[in-house]
2 protein chains.
Amino acid sequence: MKGLGELERSIMDILWAQSTALTAREVGRLIADRDLAPTTVMTVLDRLTRKGFLHRTRDGRAWRYAPAATRDAYVAELMLEALDMTGDRSAALTRFAQGVSGPEAEILRRALTELEDE
Amino acid sequence: MKGLGELERSIMDILWAQSTALTAREVGRLIADRDLAPTTVMTVLDRLTRKGFLHRTRDGRAWRYAPAATRDAYVAELMLEALDMTGDRSAALTRFAQGVSGPEAEILRRALTELEDE
DNA sequence: GCGTAGTACTACGAGCTGTCGAGCACGCAT
DNA sequence: ATGCGTGCTCGACAGCTCGTAGTACTACGC
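Attention now goes to the sheet that holds strand 3 (residues 62-67) of chain A. Residue and element names in this part refer to chain A. Here three strands make up an open sheet; going across it, the order is 1-3-2 and the pairing antiparallel. If you trace the sheet from one side to the other, it starts and ends with strand 1 (22-23) and strand 2 (54-59), each paired once. Across the face of the sheet, helix 1 (residues 6-17) comes into contact with strand 1, strand 2 and strand 3 while running at roughly 85° to strand 3. Along the sheet face, helix 3 (residues 38-50) touches strand 2 and strand 3 and points at about 120° away from the line of strand 2.

So, about the relation of the copies chain A and chain B. Superposing the two chain copies requires a rotation about an axis and a translation along that axis. Note on the identical chains: chain A maps onto chain B by a rotation of 179° and an axial translation of 0.0 Å, with an RMSD of 0.1 Å. Here the transformation between the copies is reduced to the relation of a two-fold axis. The position closest to the rotation axis in chain A is occupied by the C-alpha of A:Met79, lying 2.3 Å away. With an isologous cut-off of 70% or more, the 100% of interface residues of chain A that recur at the interface of chain B puts this contact in the isologous class.

Next up on the list: the domain arrangement of chain A. Parsing chain A into structural domains produces domain 1 (6-67) and domain 2 (71-117). Computed over C-alpha atoms, the centres of domain 1 of chain A and domain 2 of chain A are 30 Å apart.

Residue and element names in this part refer to chain B. Viewed as axis vectors pointing N to C, helix 1 (residues 6-17) and helix 3 (residues 38-50) meet at an angle of 80°, and their least axial separation amounts to 10 Å. The angle between helix 1 and helix 3 places the two elements in the roughly perpendicular class. Where helix 1 approaches helix 3, its residues Leu7, Glu8, Ile11, Met12 and Leu15 are matched on the opposing element by Thr40, Val41, Val44, Leu45, Arg47 and Leu48. Per-class residue counts for the contact of helix 1 with helix 3 are eight nonpolar, one polar and two charged.

With that settled, consider the protein's contact with DNA strand C. In the neighbourhood of DNA strand C, 22 residues make up the surrounding shell, with A:Glu6, A:Leu7, A:Thr43, A:Arg47 and B:Arg25 lying closest. When atoms of DNA strand C within 4 Å of the protein are split into backbone and base, the sugar-phosphate part holds 57%. Note that a phosphate oxygen of DNA strand C is positioned 2.5 Å from one of the backbone N or O atoms of A:Leu7. At 3.1 Å, a side-chain N or O of A:Thr40 approaches a phosphate oxygen of DNA strand C. When residues of the surface near DNA strand C are traced back to their parent elements, those giving at least two are helix 1 and helix 3 of chain A together with helix 3 and strand 3 (62-67) of chain B. Broken down by element, the residue count for the surface near DNA strand C peaks at five residues, all from helix 3 of chain A. Taken together, the residues of the surface near DNA strand C sort by class into seven nonpolar, six polar and nine charged.

Here B:Asp72 is to be found in helix 4 (residues 71-84). As a buried residue without a salt bridge, B:Asp72 has its nearest oppositely charged side chain in B:Arg71, at a separation of 5.6 Å.

When the parts come together, some accessible area is lost, and that loss is often what is quoted as the size of the interface. Listed as interface residues are 38 residues of chain A and, on the opposing side, 38 residues of chain B. Summed over both sides, the interface of chain A with chain B buries roughly 3,700 Å², with 75% coming from carbon and sulfur. For the pair chain A and chain B, the interface holds two salt bridges. B:Arg89 is paired through a salt bridge with A:Glu104; the nearest N and O atoms lie 2.3 Å apart. For the side of chain A that touches chain B, the secondary structure elements donating two or more residues are helix 4 (71-84), helix 5 (89-99) and helix 6 (102-117) of chain A. When its residues are assigned to classes, the side of chain A that touches chain B shows 22 nonpolar, seven polar and nine charged.

Restricting attention to buried positions, one finds in helix 5 (residues 89-99) of chain B the residues B:Ala92, B:Leu93, B:Phe96 and B:Ala97. Along the axis of helix 5 of chain B, the buried residues cluster in a sector spanning 140°; they form a single face. Looking at the buried positions of helix 5 of chain B, the neighbouring elements they touch are helix 4, helix 5 and helix 6 of chain A together with helix 4 and helix 6 (102-117) of chain B.

What counts as what
Residues numbered from 1 in each chain as written. Chains lettered and ligands numbered in written order. Predicted model: local features only at pLDDT ≥ 70, side-chain atom pairs only at ≥ 80, totals over all residues. Heavy atoms only, no water. Pairing = 2+ DSSP bridges. Helix = DSSP H or I, 4+ residues; strand = E, 2+ residues; numbered from the N terminus. Contact = heavy atoms within 4.5 Å. Axes fitted to C-alpha atoms, helices over the stretch in contact; angles between N-to-C directions. Least-squares fit on C-alpha atoms with pLDDT ≥ 70 in both. Domains from an automatic or database assignment. Parallel < 35°, antiparallel > 145°, perpendicular 65-115°, else oblique. Nonpolar A, V, L, I, M, F, W, Y, C, P; charged D, E, K, R; others polar. Near = heavy atom within 4 Å. Polar contact = N/O pair within 3.5 Å; in protein donor to acceptor, adjacent residues only side chain to side chain. Buried < 20%, exposed > 50% of the residue type's maximum accessible area, 1.4 Å probe, protein only. Lys, Arg positive; Asp, Glu negative; His and termini not counted. Salt bridge = Lys/Arg side-chain N within 4 Å of Asp/Glu carboxyl O. Buried area = accessible area lost by both parts, 1.4 Å probe. Arc of directions from axis to C-beta.

Below you can see the structure in the form of structure tokens.
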């Protein structure tokens with residue numbers, strides 16, 4: 001897939017947190033703490049779209065941007081991608097299991113159990 | 001942490017596959033298919049050391065390089081890092097669980113069960 | 001003393017990312 | 001119709017990383 005840059009991630013975070021599609025201007029307002037030129041936001045939104053992280057639809061003259069996938073899907077994909085890097089997936093998975101906290105292990109266990117039932 | 005480049009990963013792969021620490025020359029020989037200048041290999045080994053992926057110890061005039069961590073640990077760390085990126089870890093974990101193949105789910109389940117026993 | 005192996009330092013081009021400016025188009029108020 | 005504000009597209013540039021390598025210095029064996 002490919003990792004995201006600093007600003008790219010911030011913008012994805014904003015869009016992931018939103019339930020509706022936003023225009024560049026709206027994103028710019030939400031990221032106001034960084035005082036970016038409007039074109040900067042547009043450029044990044046454009047690049048994210050080109051990379052497939054966002055979809056955009058027309059709204060009058062403006063575009064509205066929305067995430068192409070949920071953050072969870074993205075994170076899960078990153079994790080699977082990391083997993084693909086190893087020769088010994090079993091060892092890596094075991095390591096990983098040891099690395100998650102107790103409550104999270106519980107969540108994983110539950111998710112796996114549900115899988116089993118299907 | 002940070003991702004590795006193409007060549008960096010190839011070199012890590014070689015060192016991970018090896019049980020003993022190697023010199024730059026030896027790594028170069030093992031990666032011969034790419035016909036790299038010896039200095040190229042040295043530079044990359046140096047950068048990997050600087051980044052903390054390798055340790056090196058003197059062997060006469062030469063350095064011997066060995067991975068600072070196992071590949072599994074690295075992969076597991078990448079996975080945990082990805083997981084840290086999300087707000088809703090539970091959702092991401094569930095997604096992830098759905099993404100692993102059947103046999104791998106089994107491995108995970110086993111690893112988690114062992115955890116529970118401790 | 002000289003060649004060889006090995007090191008450290010420096011460099012350069014490509015690609016990615018953050019950051020914008022310039023220039024063009026369209027619609028609304030005057 | 002005229003101009004301001006909004007929004008777009010293109011192009012640009014600087015900083016950093018990575019692949020790739022040359023050069024210059026050093027130490028050891030013959």
